[in-house]
Amino acid sequence: MKRLLISAAIAALPGMAMADAKADEIARLKSQMQKLQQQMAELQKAVEAATAPAGGQKEAAAAGGEDANTELKERVANMELKVDKLNTASTDGPLAGLSVTGYLDPTYIYNRNNNSSGFQFLNHQNVYAYSNSTFGDVYLDIKKTFGVGPTAPSAEISIMPNRGSGNTLLDGGSGNNIINTAVINFPLSDTWTFNAGLMNSFGGYEVQQSNQMVTLTHGLLYDFSDPGSYVGAGFNWSHDVWAWKFLLANEQYRTHANLANTGTNSANGNPQVKSNNTPTFTARVDYTWSSALDLGWSFNAGRQTLLTSAAQSATSPVPVTNGCLGGNVGFGYQCVSADPYSNYFFTEADASYTLGDIQYNAELDYGQQQKAAWNGGSAQWYGVSLLGHRKWMTESLGKMGATLRYDYLNNSKNGGGGGGVALGAGGYDGVNAFGVDPACVASGAADCKGANRMALTADLLFFPTDQFTLKFEYRHDWASQAVFQRNDGSMKKGNDMLGAQAVYTF
């Protein structure tokens, strides 16, 4: 009878069968064991008083209680050992400080000018366009932190095999680089951090990742005005309401020092090359005005490769090497520059206001690059982007959101070009609608202006779970020149797109 009562008391111990190997669980278990021992002693006295067993039975009951206590102590000791092993593995083991996150975002796009529709997912086409940018892909962020605390160094790599920088932008968009970013972070103090590697530029309020966007497509400034990505090294500094970033890097889009052919050696016929040895300096400052409002400013200064109409894609904003070699050795769209590189400058200011379910963003851009325009002159561009977003709850559909964005990008000077704009042999980009009107070029006019671009985007969002987001977007783009090329070859001033996207974050 005593053994049955003792066993029943042991079975009532909460948490014994599901102890989760934490230090606080060990302490709780010890406390419960002590209470159980007291209860067992009291129970034993009560049973002895009620039944008054013989002396031999008393000795057997006492021996049974000691066996139960010994078993409990052994179980506690085993759990302590397991907790120690788990704590050691969490701080010193190979998986310590490792995190893997990401998302999938299959996307459906209908494009009126192309008269095309279909799903875009894992699309290995390395062309970058506003209708085919950083969506419809698998994104993985792998981060390893070495140690604990704010001064622990870390290494972080983001993999985006098909629509990331490695596939669409870096070094001519070769299409075989799955790395999107790769950064080493080494804190020097609570305020200073050294970082180096491949990273996205500091410009603008928009982010690359679909699961952090409240629209499906990116704005015109993100795609064609803001710088792309850099390989370099720099420092981050933050204190109180201020935060700074400094980076010394290659020219944008380049994972190595660029080399351009400049001719041939007259003595032996070997090619002559020139490198862009001028680094780009880029920086950003953020001021946290309040818990809801952030004000930012960034700039970039350096030298950039000149595009040429004979050696670049009409739909890729990636700098490429000179294509004017031959009878007329020169650089730029008209092959009139003697240098394959020219001075580049960009600056922008942005503001982000987020309070509860309300979000507002604004951005102003200005950039210029010497000898980078269609007619051989300096390229100049400026623009504005405004975004508003709001979420709300409904009884039937759950949490919802709506976004409205307006973009304007002026790229008319000297026929257009510069920044992320790349013009084809005819002087225009028929997919993204930049450059000169073909009718103006055909007329022989010398002062053809480049197209100014506008876009109005409206999104409706649904949030079935915290990990799952559905986006539905209508986007209307138009230009000041007839530079949108339709599927029948005709030129128009506008285009419409419909899109749907499912984003699952893990």
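By the naming in an unreviewed UniProt entry, the protein goes by DUF3138 family protein and is assigned to Pseudogulbenkiania ferrooxidans EGD-HP2.

S.K.: How would you explain the overall build of the protein if you had to name every residue and give the values?
M.R.: Of regular secondary structure, the protein possesses six helices and 24 strands. A total of about 23900 Å² of accessible surface is found on the protein, and carbon and sulfur atoms cover 58% of it.

S.K.: Go over the pairing of strand β16 (residues 379-394) with me, naming the residues and quoting the values.
M.R.: Regular strands place side chains that alternate from one sheet face to the opposite one. Across twelve bridges, the pairing between strand β15 (residues 358-369) and β16 is antiparallel. Of the residues in β16, the one forming a bridge with Tyr 366 is Tyr 382. Where β16 lies against strand β17 (residues 398-410), 13 bridges are found, and the strand directions are antiparallel. Residue Met 393 lies in a different strand from β17, and its bridge partner there is Lys 399. As consecutive antiparallel partners, β16 and β17 are separated by three residues.

S.K.: Summarise the state of the cysteines; cite the residues concerned and give the values.
M.R.: The full count for this structure, using the stated rule, is one disulfide. The side chain of Cys 440 participates in a disulfide bridge whose partner is Cys 448; the two sulfur atoms lie 1.9 Å from each other. Residues Cys 440 and Cys 448 share a disulfide whose torsion about the S-S bond is about -95°; that sign makes it left-handed. According to the relative accessible area criterion, Cys 448 is buried, its value standing at 12%.

S.K.: Could you give an account of the pattern of salt bridges, naming the residues involved and the relevant values?
M.R.: Applying the stated rule across the entire model yields nine salt bridges. Residue Asp 339 pairs with Lys 274 through a salt bridge whose shortest N-O separation is 3.1 Å. Separated by 65 residues along the polypeptide, Asp 339 in the loop between β13 (293-305) and β14 (341-355) and Lys 274 in strand β11 (residues 271-275) bring together distant segments of the chain. Residue classification places Lys 274 among the partly exposed residues on the basis of a relative accessible area of 36%. Residue Asp 477 pairs with Arg 475 through a salt bridge whose shortest N-O separation is 2.7 Å. Judged by relative accessible area, which is 0%, Arg 475 ranks as buried. Overlapping salt bridges bring together Arg 284, Asp 286, Glu 348 and Asp 350 as one network.

S.K.: Provide a residue-level description of the side chain of Asp 407, including the pertinent values.
M.R.: With respect to the helices and strands, Asp 407 occurs in strand β17. Asp 407 sits in the buried class, given a relative accessible area of 0%. A distance of 2.6 Å separates a polar atom in the side chain of Asp 407 from a polar atom in the side chain of Ser 385. Discounting chain neighbours no more than four positions away, the residues touching Asp 407 are Gly 219, Leu 220, Val 384, Ser 385, Arg 453, Met 454 and Ala 455.

S.K.: Could you give an account of the packing of aromatic side chains, naming the residues involved and the relevant values?
M.R.: This model, assessed by the stated rule, comprises 15 aromatic pairs. Each ring, one from Tyr 287 and one from Trp 289, has its centre 6.0 Å from the other, and the planes form 90°; the classification is edge-to-face. What makes Trp 289 exposed here is its relative accessible area of 58%. Summarising the aromatic geometry, the rings of Phe 462 and Phe 472 are spaced 6.0 Å apart at their centres and angled 80° between planes, so their arrangement reads as edge-to-face. Of the two residues, Phe 462 is situated in strand β20 (residues 453-463) and Phe 472 in strand β21 (residues 468-479); the sequence distance between them amounts to ten residues.

Conventions we followed
Residues numbered from 1 in each chain as written. Predicted model: local features only at pLDDT ≥ 70, side-chain atom pairs only at ≥ 80, totals over all residues. Heavy atoms only, no water. Helix = DSSP H or I, 4+ residues; strand = E, 2+ residues; numbered from the N terminus. Areas by Shrake-Rupley, 256 points an atom, 1.4 Å probe, with all protein chains shown as cover. Pairing = 2+ DSSP bridges. Disulfide = S-S within 2.5 Å. Buried < 20%, exposed > 50% of the residue type's maximum accessible area, 1.4 Å probe, protein only. Salt bridge = Lys/Arg side-chain N within 4 Å of Asp/Glu carboxyl O. Polar contact = N/O pair within 3.5 Å; in protein donor to acceptor, adjacent residues only side chain to side chain. Contact = heavy atoms within 4.5 Å. Phe/Tyr/Trp six-rings, centres within 6.5 Å; stacked < 30°, edge-to-face > 60°.

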